[in-house]
Amino acid sequence: MKADKKLIQWVEISRQAFLNNVGEFKKRLGQTELMAVIKGNAYGHGLLEVAGLAAEAGIKWFGVHSLEEGLALRQAGFRQKILVLGYVPLAQSSQLIEAELRTTVYNLQTLRALSAASRQLKKPIFVHLKIETGANRQGLPTSKLDNFINLIRKSPGLILEGLSSHFANIEDTTDDSYPRYQLENFLKAVNWFEEQGLKVPVRHIACSAAAILYPETHFNLARVGIGLYGLWPSKETLVSCRLRGQEPLKLKPVLSWRARIAQVKTVSRGAYIGYGCTYRTTRPTKLAIIPVGYYDGYDRSLSNSAYVLIKGRRAQVRGRVCMDFIMADVTDIPEVKLEDQVTLIGTEGKEKISADQLANLAGTISYEIVTRINPLIPRLVV
Ligand SMILES: Cc1ncc(COP(=O)(O)O)c(C=O)c1O
């Protein structure tokens, strides 16, 4: 789809890049199934747009955060296996079952509520127990597994389909000792289930970095997020990949963020720009006023530091990022005019501005840069 002249800003999602990234992960994963992690509005890329591409790529598992995301997918007609990775209030247990969503369980109360709801609806639910292996986020301690199993054994509506866990420190370092410790804990839990005579068909702990670096974490399902969007989980992941003599995946960024110029004007030398008068021009300066601000997800910490691309050239952001506007210096791009295209993330001609670059400038990670792009901005699959 081509950007309409009526749009003042939009996000382009490259179908070709997404399919390329799926292919790269499929090669790495071999027999292991791929779950597309599409929580957080598909990391800002657009839940339904990305689900459509993932379905086209033949992906059978979707990972979402909330009941609401799962329901939105069902309402849009997606019939894939959808696993809720986050938390669903006890009072909404029935909705999970009615929509045939799978859910992650780490509280006994959740399991009881699901058991009661499934009895009432006379309909089963597939559950995945999340094992605490060292992230100390969600997860049930292995010392409490007995209670969960007893309840599952007594509840015919609860189908224990999966065991899962999540790595705490796989992206931040090239040292693999903590992931190995977590993997050991996970394996102990997996073995414990086998000793109990419980066959749990699906086991999953791998995120993008684990999928790329450690085949021993793949089991039969890998939950891949950031990599599908063409972004490396971290520099350390890429370095680890090279250190291990592995061929790095050829990932292509999927998202471009674009807008149109709302005003072009020239101000004199010594003029202040924007709130707080934080920038003062050192020459007569031509400015492009761009209708994108922190409301849209363009971080305020990019004030006076980031650049955008206009006509394939860099234009420095001057002054503070406002709620709905930024100002860019286009003095050296004289042909700039009203409604010309601006690239906030993406490529124009020979120039590029990546989510990683913005993340470095903003003191965060690419995950946050893309995920926080306002969901109200149209996503166009191109
Ligand atoms: C539980 C869970 N699984 C998988 C992922 C995917 O991780 P990544 O985006 O690094 O592939 C996430 C991401 O935050 C997660 O929270």
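Residues numbered from 1 in each chain as written. Predicted model: local features only at pLDDT ≥ 70, side-chain atom pairs only at ≥ 80, totals over all residues. Heavy atoms only, no water.

Undergrad: How do you make sense of helix H10 (residues 235-243) when you look at a structure like this?
TA: Owing to its 3.6 residues per turn, the α-helix aligns residues three or four sequence positions apart on the same side. Along H10, the positions that sit buried rather than exposed are Thr-237, Ser-240 and Cys-241. Taken around the axis of H10, the buried residues stretch over an arc of 100°, which confines them to a single face. H10 presents Lys-235, Arg-242 and Leu-243 as exposed residues on the side facing more than 90 degrees away from its buried surface. Summarising the contacts, the buried residues of H10 are in contact with helix H1 (15-29) and helix H9 (208-213). One or two positions beyond H10, positive phi appears at Gly-245, with a value near 70°. (Buried < 20%, exposed > 50% of the residue type's maximum accessible area, 1.4 Å probe, protein only. Helix = DSSP H or I, 4+ residues; strand = E, 2+ residues; numbered from the N terminus. Arc of directions from axis to C-beta. Contact = heavy atoms within 4.5 Å.)

Undergrad: What exactly am I supposed to notice about the environment of Arg-269 here?
TA: Relative to the helices and strands, Arg-269 resides in the loop between strand S11 (263-267) and strand S12 (272-273). For the pair Arg-269 and Gly-363, spaced 94 residues apart in the sequence, the C-alpha separation amounts to 31 Å. Excluding residues that lie within four positions of it along the chain, Arg-269 makes contacts with Thr-281, Thr-282, Arg-283 and Pro-284. Of note is the side chain of Arg-269, whose polar atom sits 3.4 Å from the backbone oxygen of Thr-282. (Polar contact = N/O pair within 3.5 Å; in protein donor to acceptor, adjacent residues only side chain to side chain.)

Undergrad: How should the packing of H1 against helix H3 (residues 47-56) be read in this particular structure?
TA: In helix packing, the relevant descriptors are the interaxial angle and the interaxial distance, both defined with respect to the helix axes. Between H1 and H3, the shortest axis-to-axis distance is 10 Å and the interhelical angle comes to 50°. For the element pair H1 / H3, the angle class is oblique. Between H1 and H3 lies a crossing of right-handed hand. On H3, the residues touching Arg-15, Phe-18 and Leu-19 of H1 are Val-50, Leu-53, Ala-54 and Glu-56. When grouped by side-chain class, the residues that make up the contact of H1 with H3 number 5 nonpolar, no polar and 2 charged. (Axes fitted to C-alpha atoms, helices over the stretch in contact; angles between N-to-C directions. Parallel < 35°, antiparallel > 145°, perpendicular 65-115°, else oblique. Left-handed = near helix turned anticlockwise from the far one by under 90°. Nonpolar A, V, L, I, M, F, W, Y, C, P; charged D, E, K, R; others polar.)

Undergrad: Hey, could you run me through the site of the ligand in this one?
TA: As a structural note, the neighbourhood of the ligand is formed by 14 residues, with Lys-39, Tyr-43, Ser-208, Arg-223 and Tyr-367 the closest of them. Contact between the ligand and Lys-39: an oxygen atom at 2.8 Å from a side-chain N or O atom of the residue. Here a nitrogen atom of the ligand and a side-chain polar atom of Arg-223 are 2.8 Å apart. Looking at the shell around the ligand, the elements that each hand over two or more residues are helix H2 (39-43) and strand S9 (221-224). Across the shell around the ligand, the residue classes break down as 6 nonpolar, 3 polar and 5 charged. (Near = heavy atom within 4 Å.)

Undergrad: Before we go on, may I ask you to explain unusual backbone geometry in this structure?
TA: Note on backbone geometry: most residues besides glycine have negative phi, and most peptide bonds are trans. Even without a glycine there, the phi angle at Ala-42 is positive, about 50°. Turning to its location among the elements, Ala-42 is positioned in helix H2. On the accessibility criterion, Ala-42 (0% relative accessible area) is buried.

Undergrad: Looking at this structure, how should I read the pattern of salt bridges?
TA: Overall, the coordinates contain 18 salt bridges when judged by the stated rule. Put simply, Lys-337 and Asp-340 hold a salt bridge, and the shortest N to O gap is 3.0 Å. Relative accessible area serves as the criterion here: at 8%, Asp-340 is assigned to the buried category. The network of salt bridges with shared partners includes Asp-176, Arg-180, Glu-216 and Arg-244. (Salt bridge = Lys/Arg side-chain N within 4 Å of Asp/Glu carboxyl O.)

Undergrad: Sorry, what's going on with the domain arrangement of the protein chain here?
TA: Where the parts come together, the accessible area they lose is often given as the size of the interface. Taken domain by domain, the protein chain holds domain 1 (15-243) and domain 2 (255-353). Inter-centroid distance (C-alpha atoms) of domain 1 to domain 2 is 40 Å. (Domains from an automatic or database assignment.)

Undergrad: Help me understand the nonpolar core, please; the structure alone is not making it clear to me.
TA: The nonpolar side chains of soluble globular proteins are, as a tendency, buried together. Within the largest apolar cluster, 121 residues are counted, with the highest numbers of intra-cluster contacts made by Ile-38, Phe-62, Phe-193, Trp-257, Tyr-298, Val-308 and Ile-310. Those residues in contact with Ile-310 that lie beyond four places of it in its chain are Ile-261, Ala-288, Ala-315, Val-330, Ile-333, Val-336, Gln-341, Val-342 and Glu-348. (Core = buried A, V, L, I, M, F, W, Y, C linked by side-chain atoms within 4.5 Å.)

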